[in-house]
Every structure is written in C-alpha cells, then in structure tokens.
Amino acid sequence: MEIIYPSLIEEAYHHSKKFHPEITKEAIYRHFYEAGLIKENGDPTEKALSEGVVKDYTEDWDLTFEAFLAIYPVFRSFDPKHFKKINHFWEMDLALQKKILDQWEQETFTEEEIIDLTAFFEERLPSENEQ
C-alpha cells in the first residue's frame with residue numbers, strides 16, 4: 001500500500017533529499033508532527049504559520065492585487081498588465097505563462113520563488129473530472 005503524504009511533507013522531502021539522500025517521507029512527517037509544525041492530517045499548525053516556518057497559500061475570493069502579491073511575491077517582478085481577475089481569482093495571460101516556463105527551464109528562479117510558482121500553478125491544475 002502506498003501512503004500519500006500531504007504536499008508540505010512532499011515539498012520538504014524533495015528539498016531534503018538533495019542534502020540527505022537517506023531521508024524518508026515518514027521521518028520528515030514524524031519530525032514535523034513532533035515539532036508541532038503540522039497537525040495529524042498534515043495541515044500546518046498555527047505555530048508553524050505564525051513563526052513563518054510554513055507559508056499559507058490560501059487565496060480568498062476577490063483579493064486585491066496587492067494581497068495576491070503578498071501571497072505570491074514572485075510575481076512582483078512581472079508587469080501587472082499580465083494579470084486579470086477571472087471568476088474572483090487572479091490569473092495570468094499565456095504570454096506570461098510561457099515567459100515563466102522559459103525562465104524556470106533556465107533555472108533563473110530562487111528556491112523560494114519556485115515554491116511560490118509551484119503553489120500558484122498547483123492550485124490551477126484542472127481536476128481529473130475537468131480533463
């Protein structure tokens with residue numbers, strides 16, 4: 001049986017594996033849980049959020065563009081004209097998507113920026129029912 005770990009554990013595993021090839025997802029989960037950074041279901045605790053250990057990428061409806069940029073600061077370096085609010089959420093045009101993918105392939109983003117971009121695009125992937 002394969003265990004599906006929360007995205008926070010998957011991200012930590014991906015990052016940690018580079019420096020500690022022997023690390024397991026189970027060990028990361030156990031460490032985060034015992035340190036009070038995640039709840040049993042893998043959601044971050046208030047402690048983790050308030051101390052800045054974990055970033056909350058929750059987008060509410062009808063955010064201002066400035067509030068959107070506070071969640072995804074990576075987009076501050078791009079022209080706001082590429083963004084438009086669609087169905088209550090900020091989306092980017094295809095030209096900017098292509099530009100970002102090109103820069104991603106050229107490894108021009110920092111690790112923090114990659115985390116922001118991954119969170120942004122992960123929330124916008126179509127579900128299996130929409131494909």
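Look up: the structure comes first, before these words.
Residues numbered from 1 in each chain as written. Predicted model: local features only at pLDDT ≥ 70, side-chain atom pairs only at ≥ 80, totals over all residues. Heavy atoms only, no water.

Concerning the overall build of the protein chain
Part 1 of the reasoning: Broken down by element type, the protein chain carries six helices and two strands.
Part 2 of the reasoning: Sequence-ordered secondary structure for the protein chain, helices as α and strands as β, is α-α-α-α-β-β-α-α.
Part 3 of the reasoning: The buried share of the protein chain, reckoned over its 131 residues, is 26%.
Part 4 of the reasoning: Nonlocal contacts in the protein chain, meaning residues at least 24 apart in sequence, comprise 38% of its contacts between residues at least 6 apart.
Part 5 of the reasoning: Carbon and sulfur atoms make up 53% of the accessible area of the protein chain, which totals about 9,400 Å².
Part 6 of the reasoning: Placing the 14 positive and 29 negative side-chain charges of the protein chain at their respective mean positions leaves the two points 4 Å apart. (Helix = DSSP H or I, 4+ residues; strand = E, 2+ residues; numbered from the N terminus. Buried < 20%, exposed > 50% of the residue type's maximum accessible area, 1.4 Å probe, protein only. Contact = heavy atoms within 4.5 Å. Areas by Shrake-Rupley, 256 points an atom, 1.4 Å probe, with all protein chains shown as cover. Lys, Arg positive; Asp, Glu negative; His and termini not counted. Charge placed at Lys NZ, Arg CZ, Asp CG, Glu CD.)

Details of the pairing of strand S1 (residues 83-86)
Part 1 of the reasoning: Sheet topology note: the S1/strand S2 (residues 89-92) ladder contains four bridges and is antiparallel. Bridged to Lys84 within S2 is Glu91.
Part 2 of the reasoning: The loop that links S1 with its antiparallel partner S2 comprises two residues; one of these, Asn87, has a positive phi angle of about 50 degrees. (Pairing = 2+ DSSP bridges.)

Concerning helix H6 (residues 111-122)
Part 1 of the reasoning: Taking 1.5 Å as the rise per residue, H6 with 12 residues should run 16 Å; its terminal C-alpha atoms sit 16 Å apart, in good agreement.
Part 2 of the reasoning: Those residues of H6 that fall on the buried side of the exposure criterion are Asp116, Leu117, Ala119 and Phe120. The arc that holds every buried residue of H6, seen down its axis, measures 160 degrees, which confines them to one face.
Part 3 of the reasoning: For H6, the elements touching its buried residues are helix H4 (65-71), S2 and helix H5 (94-105). (Expected span 1.5 Å × (residues − 1). Arc of directions from axis to C-beta.)

Looking at the pattern of salt bridges
Part 1 of the reasoning: The tally for this structure, following the rule as stated, stands at eight salt bridges.
Part 2 of the reasoning: Taking the shortest distance from any N to any O, the salt bridge between Arg124 and Glu91 comes out at 2.9 Å. With Arg124 in the segment after H6 and Glu91 in strand S2, this pair connects stretches of sequence that are 33 residues apart.
Part 3 of the reasoning: On the basis of relative accessible area, Arg124 is assigned to the partly exposed category, the value being 22%. (Salt bridge = Lys/Arg side-chain N within 4 Å of Asp/Glu carboxyl O.)

Description of the packing of aromatic side chains
Part 1 of the reasoning: By the definition in use, this model includes 17 aromatic pairs.
Part 2 of the reasoning: Here a set of aromatic residues connected by ring pairs shows up, and it is made of Tyr57, Phe65, Phe68, Tyr72, Phe75, Phe83, Trp90, Phe120 and Phe121. (Phe/Tyr/Trp six-rings, centres within 6.5 Å; stacked < 30°, edge-to-face > 60°.)

What about the environment of Pro80?
Part 1 of the reasoning: You can see Pro80 is positioned in the loop between H4 and S1.
Part 2 of the reasoning: Sequence separation between Pro80 and Phe65 is 15 residues, and the spatial gap between their C-alpha atoms is 8.6 Å.

Considering unusual backbone geometry
Negative phi characterises most residues that are not glycine, and trans characterises most peptide bonds.
Part 1 of the reasoning: Its identity as a non-glycine residue notwithstanding, Asn87 has a phi of 50 degrees, on the positive side.
Part 2 of the reasoning: Mapping Asn87 onto the fold places it in the loop between S1 and S2.
Part 3 of the reasoning: In this structure Asn87 comes out as exposed when scored by relative accessible area, which is 65%.
Part 4 of the reasoning: The backbone of His88 shows a phi angle near 80 degrees, a positive value even though the residue is not glycine.
Part 5 of the reasoning: Turning to its location among the elements, His88 is positioned in the loop between S1 and S2.

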